[in-house]
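# Coordinates in review
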Amino acid sequence: MISSSLKKVAGALVSGGVLVAALGGSMTGCSPTPYRPPVPRMQADPDFLQIPRAVKKADQAEHVARVNSSAIEKIDPLKVTRPATYRPYQGNQLDLSAYGEALYKDARLSTNGLSCSHCHEGGDRFAPGFAQPYPHFVAMAREHAGLNRIHLDEMIQLCMMVSMAAKPLIWNSRKLAALTLYTTAVQQKFRENPAAVKRSSP
Ligand code: HEC
């Protein structure tokens, strides 16, 4: 059982390496981040935006290529910019917040085995600017999408794509509303105790 899953991991690494080589990717300057085999995610979930190129295998190859590269992944700013017709999902605030907390800890939202709390537990990786009202400057938004100011829900979409190696969520989905509401509570706690800031690299 264990050895068969080890074989699978080894297989994924080998095929990942072959793909990177086939794409002409350089193995120099490799990031030390180990490749994590993808975990099952909510594939059929209607809350994920269906981006045409997003075939599961292509997603995995892209993720392997990304973790093996030190280059900054460029994201189309339109994918993380609120659409003109945006009407956020409305619902019972208590229910939404509880759902948001569960999602924040749920690695099934990603394809790389990470959850939001994996990186952000205890205020990890939040810069002091997180305490400021949105929209505001976030270094990651400028680096990846060229945006100088970003709203909270847009930032969540960016972390979904960059940090979670997943598709962005449907803008008016219950999931995005829940994560946004819960992250607002996280921001409030951070504001009250900025000393808890522990800035580290992703
Ligand atoms: C692999 C680690 C990682 C994961 C997983 C991750 N993030 Fe992030 N997140 C970061 C980093 C790094 C930053 C950038 C901090 C900066 O540039 O100041 C960031 C920034 C943010 C910010 C902006 C803070 C600010 O200054 O305004 C928010 C909000 C956020 N993440 C929410 C989330 C949510 C919600 C999830 C889950 C859907 C998530 N993150 C998953 C690493 C991660």
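Residues numbered from 1 in each chain as written. Predicted model: local features only at pLDDT ≥ 70, side-chain atom pairs only at ≥ 80, totals over all residues. Heavy atoms only, no water.

## Some thoughts on the overall build of the chain
Note the following rule: Only runs of H or I of at least four residues qualify as helices and only runs of E of at least two qualify as strands under DSSP, and these elements are numbered from the N terminus. Buried means the residue's accessible area, taken with a 1.4 Å probe over protein chains only, is under 20% of the maximum for its type, while exposed means over 50%, and partly exposed covers the values in between. Contacts: residue pairs with any heavy atoms within 4.5 Å of one another.
Scanning the chain for helices and strands turns up 7 helices and 0 strands. Order of helices (α) and strands (β) in the chain, N terminus to C terminus: α-α-α-α-α-α-α. Per-residue burial for the chain yields a buried fraction of 39% across its 202 residues. Put simply, 72% of the contacts in the chain that link residues at least 6 apart link residues at least 24 apart.

## A short note on helix α3 (residues 93–104)
Inclusion rule: To estimate how far a helix should extend, the number of its residues minus one is multiplied by 1.5 Å. Working definition: the arc comes from the directions between the helix axis and the C-beta atoms, pointing outward to the latter. A 3.5 Å cut-off defines polar contacts: any pair of N or O atoms within that distance qualifies, except that in protein one atom must be a possible hydrogen donor and the other a possible acceptor, and neighbouring residues in sequence count only when both atoms are side-chain atoms.
Taking 1.5 Å per residue, 12 residues should reach 16 Å; α3 reaches 16 Å between its end C-alpha atoms and fits that length. Listed in full, the buried residues belonging to α3 are Leu96, Gly100, Leu103 and Tyr104. Looking straight down α3, one finds its buried side chains confined to an arc of 95 degrees; they lie on one side. Buried-residue contacts for α3 involve α4 (116–120) and α7 (174–192). Put simply, asparagine 92 is the residue that caps the front of α3, since its side-chain oxygen is 2.9 Å from the backbone nitrogen of leucine 94.

## Quick word on the layout of surface pockets
Defined as follows: A pocket here means an open set of points on a 1 Å grid, computed over the protein atoms alone, that has protein on both sides within 12 Å along at least five of seven lines. A cavity is instead a set of points where a 1.4 Å probe fits but cannot get out; residues with an atom within 4 Å of a point line either one. Grid points are joined across faces, edges and corners, and a volume is the space filled by probe spheres set on the points.
Space inside the second largest pocket adds up to approximately 270 Å³. Along the walls of the second largest pocket sit 15 residues, with His120, Gly122, Gly123, Val186 and Lys189 positioned nearest its centre. If you list the elements that add at least two residues to the lining of the second largest pocket, you get α4 and α7. Residue contributions to the lining of the second largest pocket peak at 4 residues, all from α7.

## Brief notes about the site of the ligand
So the rule is basically this: Residue proximity to a molecule or strand is established when one non-hydrogen atom of the residue lies within 4 Å of it.
The full set close to the ligand counts 24 residues, and Cys116, Cys119, His120, Tyr134 and Cys159 are the nearest of them. In the environment of the ligand, an oxygen atom lies 2.6 Å from a nitrogen or oxygen atom belonging to the side chain of histidine 136. Within the residue set of the shell around the ligand, elements represented by two or more residues are α4, α5 (139–145) and α6 (152–162). The element contributing the most residues to the shell around the ligand is α6, with 5 residues.

## With respect to the coordination of the iron atom of the ligand
Our working rule: For Na, K and Ca the donor cut-off is 3.2 Å; for every other metal, N, O and S atoms count as donors within 2.8 Å. Water does not enter the count, which can leave sites looking incomplete.
For the iron atom of the ligand, every protein donor is listed as His120 (NE2) and Cys159 (SG), and the spread of their distances is 2.0 to 2.3 Å. Of the residues examined, histidine 120 reaches a relative accessible area of 14% and is grouped as buried. Given a relative accessible area of 18%, cysteine 159 falls into the buried group.

## Quick word on the side chain of threonine 183
If you trace the backbone, threonine 183 turns up in helix α7. What threonine 183 contacts, discounting residues up to four positions off in sequence, is Tyr104, Phe130, Leu152 and Ile156.

## Here's the deal with the environment of lysine 175
By the secondary structure assignment, lysine 175 is in helix α7. Look at lysine 175 and you get buried, because its relative accessible area is 4%. Put simply, lysine 175 and tyrosine 99 are 76 residues apart on the chain and 7.9 Å apart in space, counted from C-alpha to C-alpha.

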